[in-house]
Amino acid sequence: MTTLVSPQGASEVINARRTESLDAPSILKLVQPETENLFGLVNVVNLIEKAVLAVTLSNEKDEVLGHAAFFDYPNVASVDQSKWEDWLGAFFDCKNCTPLNTLFLHYFVAKREYSHGVAREIVRTMFNAVPEMHFCFLIVPNGAFPDSALANIFKPLDKLEGVKGPDNCVVFLCHRHNHVPVLHIRQARVEDHDDLTPIFNRQSDMLKMTYGDFFLAELIEAQDENMQCLIAEVEGTAIGFMSVCNIVNTGLLNECFELGPYHGLSKPHPDDELEAPKTPTPSPPTEPEQMSDDKPASGRSSATDRSTDSKQQESTMDDGRKDETEKTEEMKSEAGKSEMTGTASKVSQSVTGTADTETRVKPKLSEAALGESSSSLLSHGSDHGSQKSATSQDKPESAKSSRAAASPPAQSLSPKPVTPMIPKPRKRFVPKYKGESNAFCIQLFIIDERYEMRSVDFLPKAFEMFPDRDFCAMTVPHLVPEFPLLQKFMRATPRCPSILSQELYLFHGAGLLKDFRVRPACTSDSESVEKLVSSLDLHENLIADLQQFNKARRDDDGTEIQAYVATCNQKVVGIAVVRIEEDIEYIRSHYNIEDFIYYNHHRRDEHGHLYHFALNPAFAHFSKHFLKEILRQGHKTCLYYPVYPPFTSREVVGKHSLVSAMNDMVPVRPRRQITYPLEVLGSNAPSERVLQTKEQYSLCHINRKLTLEPKVVINARIVVVGASDTGVALLETFVFCPHLRFNNLTLISPHGLPGEMPPDEVRDQMMGTSHCYSQDEYTQTSLRTWVNVVYGKMTAIDRKKKNVVVNNSTLVPYDHLIICTGQQYQIPAPTEADISRLATSNEAPNSPDRWFRGTPPKNVFVVNDAYDAAVTLYWVENHLVNSPGKALVYGNCLDAYCCVQTLMSMGITGDRIILVEPPLNYQTTCFNNETVDAAVLKAMKDAGIEVYSGYLLARWNDGKGGEEVITASFTSSTKPIRLECEAFFSYYKKKVDYEAFRAINDACLVFDGRLVIDASFHTNDVSIRGAGTITKFQRRYHADQWTHSNFNLKEVGIQLANTMLSLFDPTLESEREPPQEIVNLIPMYRSPKIQGGYLPGGYYYLHIGKPSLNVPLDVQMAQRDCGAEWITGTPGGTPDYFRLHMNQYKTVETVTCLSKQPIDTSNIICLYGLHERYLNDPAQRCVVYGSNDFYSYFRQPWCLAVYHDRFADFRDEVRELLVTRPADGVEALEEKVRQLIDEDLQMNDSQKKNLKNEFSTSRSKRAVETRLLSFLSYNYYHLPMYAKPGMV
């Protein structure tokens, strides 16, 4: 905060901030007649949109007092923005001015009485915000002269001797040292103690409490050849202190961090061990070993040897990632190719204890750095991944082909395919460096807050103290916010596990060089570039593009190529390749790029597509400057970079390579798409550029505004346990905060992130869906780019040391732990009832709900996620399909019915399927709809499926044990049954996994059937939170029936993330401790609870409903305030069954669909919560006009706007118009309605008529119509079926 004083004595406390487009009207009010003379007639919004830095000063009332826009090129129309250095150098002596240290003032306005103070403050803010800046130019037309506010700051620039100067303008210059001078750095003296002590005391008293009052004087006095102390001085007063030491434990740092790109912070030595020792390839198994695998039981063996094909594939992958084993144990991402364990082994571990194995870790893609081949663009995908991606799209064989590709083919001696196997964990290789230390460290650093942006001024002197060292190292605690000095350092990637509970930051001495320039590439750069990128994955694509650029400057199809190199001291240190973004219409329609740009202010040719970007890690802090120069020299304003899923073929990835600048870019949220009835729309459908089908990807973006906008870096270790919908929503919310960068997001999950396997329609149909995320949505968010994944199960929690133990072997440290594992289907525990005595379920000696604590039979399957489904269907395809045995499905949930239909889709006839339904958990079935229940039951009986209801599992194989289930016995309230089966699929009650329960319970977290939390997600440990179906609310809320299971789990995860953001986001009010609750109320959520699936009979099922308790439908409809329901069609009829329920307020509360044809799910979900007027009164049309098909009704063109992803925002805007007073003293329409309701709870017809008349004659009606037309016009690329004014 700064105070400005006008010449008249008035004062204003001001705040400097970045300009937003919403400031444009206030800025225009400050325009003076001389403003246009100086800067011309400009579009202020366009200026703000394309400026690299726009600063606004506002007072405490948020009134704009001044504004300035800075660009990285001069505002002279005749000067090419990419060549301003040549133009300026032709007239003036400005050889020290480079794009790295120079900006141009393109616009300035200020409130007249404060203009002098505003100008000084804005210039000071600019130099502080961008420490590299030394020069700021002001260029005005001939005949104009800056007003006094600018004339005091900018001085005319001296021309070269004998040079006339430019004809059309005058150049003025402002130097940084006149406003924010470079700090004077010298060696510390004991006398500096008195100046520094107040600074230390203001920021921390820990050192004083630990070492005494005079620790600083003693430290300064102890200086020697190994330790030096430096002082920053301003006007003779010490304002900053730094202690540096050349004794660094590089061995410990190398054990804890990935220091390969920095040669372990050591000097090269001939005895350095840089590569892992070669592992000899084992010989193929003998024929007897092969034949033993042919048995059905051994087809699911827990063998851990890789197949020969898998080894060959790994060798191929390693060609592009030479140091792969140095990073961490990676698991291949294909659909179970090397992930899948034999089912028996997997299940055994889940119920008897997780095996003590080395845990595999997949680091995030954004950690990839030059010289560190830790990540691949294809996430270590392979040609097999390419085959999967291609074949999985072929219908109807997609399921078989993708699962076949997902499994390693049998070796030559084996007549049958074998089960997918998991590789043996290899011991992590850590390079060993024998050379001397090449780094010094910063032991202690502090600086006055007023000068912290100049902290980097310490570094030249620090390197001068130790001229034989190339690196400066600094460790900081995870919870310490990243201060300005660290923004110039490189963050070292931690190894997992790391025993050092701090972050390591590094700075290379070469980073002090200011001769960092960017220029177009040339032929002579080829050799240097090849050396620079030789360790990058897919670097051959980069080299090929560079050669094509040098050859023709464009592709064979005519697409222009732009290639730029970054140089320092004439040496190539970076390379980038850009093309024009040809699919910008597709990007605009499928991604929310308008969260970051105003699309209409950018020409089509100003959008660029980044194909390659590589920069030497020593110059990583110049990464954003490199991007800014690419935009300037390439005449671009925006860059886009796609990240494809791991199963994408290399042909689709095309000419890309993994860029090292993803941390400087922002991830862009995908947009929900309308499902268009193209046969109805005809020529009124959106353009092919919008509708085209493309391989899905996630999108990263940067524009000119973002190049000088730093992100807030969060190093807190946030560990999420469980890849449930709640956990994924939490991570997604964190990742898509554009102004925050979370460096330590970690997910612990047995099978990693969902959506990593190629699409497989049959596999995805084996379970019901909550419609929280689709395969495309997983792909478009690409959490693997930003989240580290630890593959394994949580087996213990050490609350004191803040560690999670994974697989009983690996420690994952945390600062914030979020448990959202959810509940899973478990191996059922037989009650051990003896059916030979005709025992009933009530006479069973054991509870059916206990955990199974033995080794389960090998042909018992539980399916909890896509990975389990892939394993199960692989076994079904290779064993059950071709055998005469029966499949027994045990369960009465939606997933059980989906499993029955999937087995039939795999070719198993209905007479070979048995469905045993246990007693209902609640009063309702999973459908809670008699019509749906009857249709599904009839379809199963028509298919010949045996259905038994009300039975509990009593014994397997009559209690005689065995490795496989041959018979299964069940009890009921009447007589028992005994059934033969070859495969047993269990969908009995979901419950908390035993390993998760044991970890929670042993950590003394309150567990009452589920993990107990309060309304703010807190457990009894302030560092541990819980969410999702694993949790329940504390009993003090008296709401035992309500849990997160009753709500939309994605919304729960988003709400949890929002409550945690207050801990990290400086723009939000910080939460130091859990807030005190005034009333004991649980939170309620608004999003609908959704379920869907593919059911027996070939029915597509969708149910959308209000979050509620499990109450029978007939009981709900008997309530007086239930509203009304409308039903069209019948199951399997023409039309199909569609139930629409509206509450007493006539808003849609429930939708149930059962259809033989695929349902437009994304469209139908949008109906929830809408008033009937938005939908043209469907109930009235159903009754009065006899409309008997809601499917065709909601596919009519008029309702497509309702499905638009921005329609909810439009509704909010309309409501805002109706609640806002049109003028002072004039009541808003909403206020009038409230007055009538307060007087009488219901309005009569006369009052309604008067309100309608008032609305039709008011400004509000015209404002609503204008807003509607604006909505349709702005989104016309999605909604061309609507006529606009002037078209009719």
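Here's what I pulled together on the structure shown here. Residue positions are counted from 1 within each chain, in the order its sequence is given. Local features in this predicted model are restricted to residues whose pLDDT is 70 or higher, and side-chain atom pairs enter the listing and the counts only when it is 80 or higher, whereas totals over whole chains, interfaces and linings include all residues. With hydrogens and water set aside, each side-chain value is computed from the structure's full complement of heavy atoms.

1. Considering the overall build of the chain
The helix count covers DSSP runs of H or I at least four residues long, the strand count covers runs of E at least two residues long, and both are numbered beginning at the N terminus. In terms of helices and strands, the chain carries 40 helices and 50 strands. Buried positions account for 57% of the 1288 residues belonging to the chain. Accessible surface, the chain as shown: approximately 55,100 Å² in total, 50% of it carbon and sulfur. A 1.4 Å probe rolled over the protein chains alone gives each residue an accessible area, and that area as a share of the maximum for its type sets the label: buried under 20%, exposed over 50%, partly exposed in between. Methods summary: accessible areas were calculated by the Shrake-Rupley approach with a probe of 1.4 Å, and residue burial reflects only the protein chains presented.

2. Side note on the packing of helix α37 (residues 1207-1219) against helix α40 (residues 1259-1274)
In helix packing, the relevant descriptors are the interaxial angle and the interaxial distance, both defined with respect to the helix axes. Two numbers describe how α37 lies on α40: the axes approach to 10 Å, and their chain directions differ by 165°. Classed by the angle they form, the pair α37 and α40 counts as roughly antiparallel. As α37 runs across α40, the sense of the crossing is right-handed. Packed against α37, whose contacting residues are Phe1207, Phe1210, Glu1213, Val1214, Leu1217 and Leu1218, the element α40 presents Ser1260, Ala1263, Val1264, Arg1267, Leu1268 and Phe1271 at the interface. By the convention adopted, Pro, Cys, Tyr, Trp, Phe, Met, Ile, Leu, Val and Ala count as nonpolar, Lys, Arg, Asp and Glu as charged, and the other residues, Gly among them, as polar. Taken together, the residues of the contact of α37 with α40 sort by class into 9 nonpolar, 1 polar and 2 charged. Angles run from 0 to 180 degrees between N-to-C directions of axes, and those axes are lines fitted to C-alpha atoms, restricted for helices to the stretch in contact. The scheme is simple: roughly parallel for angles under 35 degrees, roughly antiparallel for over 145, roughly perpendicular for 65 to 115, oblique for anything else. If you view the pair so one helix is near and one far, a crossing is left-handed when the near helix is turned anticlockwise from the far one by less than a right angle, and right-handed when it is turned clockwise. What makes two residues a contact is simply this: any of their non-hydrogen atoms within 4.5 Å.

3. Details of the pattern of salt bridges
Definition used for salt bridges: Asp or Glu carboxyl oxygen within 4 Å of a side-chain nitrogen of Lys or Arg. Following the criterion strictly, the structure yields 66 salt bridges and no others. The shortest N-O distance in the salt bridge between arginine 689 and glutamate 585 comes to 3.3 Å. Remark: glutamate 585 occurs in helix α20 (residues 584-590) and arginine 689 occurs in helix α24 (residues 688-691); sequence separation between them is 104 residues. We classify arginine 689 as partly exposed; its relative accessible area is 40%. In this structure, aspartate 1008 and arginine 1035 form a salt bridge, with 2.8 Å as the shortest nitrogen-oxygen distance. Of the two residues, aspartate 1008 is situated in the loop between α31 (994-1002) and β43 (1011-1013) and arginine 1035 in the loop between β45 (1031-1033) and α32 (1049-1064); the sequence distance between them amounts to 27 residues. The exposure class assigned to aspartate 1008 is partly exposed, which follows from its relative accessible area of 28%. On the basis of relative accessible area, arginine 1035 is assigned to the partly exposed category, the value being 49%. Here the salt bridges do not stand alone but share partners, grouping Lys50, Arg603, Asp605 and Glu606 into one network.

4. Notes on the packing of aromatic side chains
Each pair of aromatic rings taken from Phe, Tyr and Trp, with Trp reduced to its six-membered ring, is defined by centres within 6.5 Å and is described as stacked if the planes are under 30 degrees apart, edge-to-face if over 60, and tilted in the remaining cases. Counted by the stated rule, this structure contains 55 aromatic pairs. Aromatic side chains tyrosine 262 and phenylalanine 471 sit 5.9 Å apart centroid to centroid with 80° between the ring planes, which places their arrangement in the edge-to-face category. Taken together, the positions of tyrosine 262 in the loop between α10 (250-256) and α11 (287-292) and phenylalanine 471 in strand β14 (residues 471-477) put the pair 209 residues apart, joining distant regions of the chain. The pair formed by tyrosine 262 and phenylalanine 471 is uniform in burial state, with each residue classed as buried. Members of the aromatic cluster, connected to one another through ring pairs, are Phe852, Tyr890, Trp956, Phe970, Phe984 and Tyr988. Against the face of tyrosine 773 rests lysine 1050, its NZ or CZ located 4.5 Å from the ring centre. The criterion is that NZ of a Lys, or CZ of an Arg, lies within 6 Å of the ring centre and within 35 degrees of the ring normal, and then a charge sits over that ring.

5. Focus: the environment of alanine 866
Within the secondary structure, alanine 866 is located in helix α28 (residues 866-880). Excluding residues within four positions of it along the chain, alanine 866 makes contact with Met757 and Arg763.

6. Some thoughts on the nonpolar core
By size, the foremost hydrophobic cluster in this structure holds 93 residues, and its most contacted members are Ile593, Phe613 and Phe734. Sequence-distant contacts of isoleucine 593, that is, excluding residues within four places in its chain, are made with Ile584, Ile587, Arg588, Tyr599, Tyr640, Val668 and Leu699. For this analysis, a nonpolar core means a set of buried residues of the types Ala, Val, Leu, Ile, Met, Phe, Trp, Tyr and Cys, connected via side-chain atoms within 4.5 Å.

7. Topic: the environment of arginine 837
Looking at where arginine 837 falls in the secondary structure, it is placed in the loop between β33 (824-825) and β34 (860-861). A relative accessible area of 71% means that arginine 837 is categorised as exposed. Remark: the alpha-carbon pair of arginine 837 and proline 976, spanning 139 residues in sequence, is separated by 9.5 Å.

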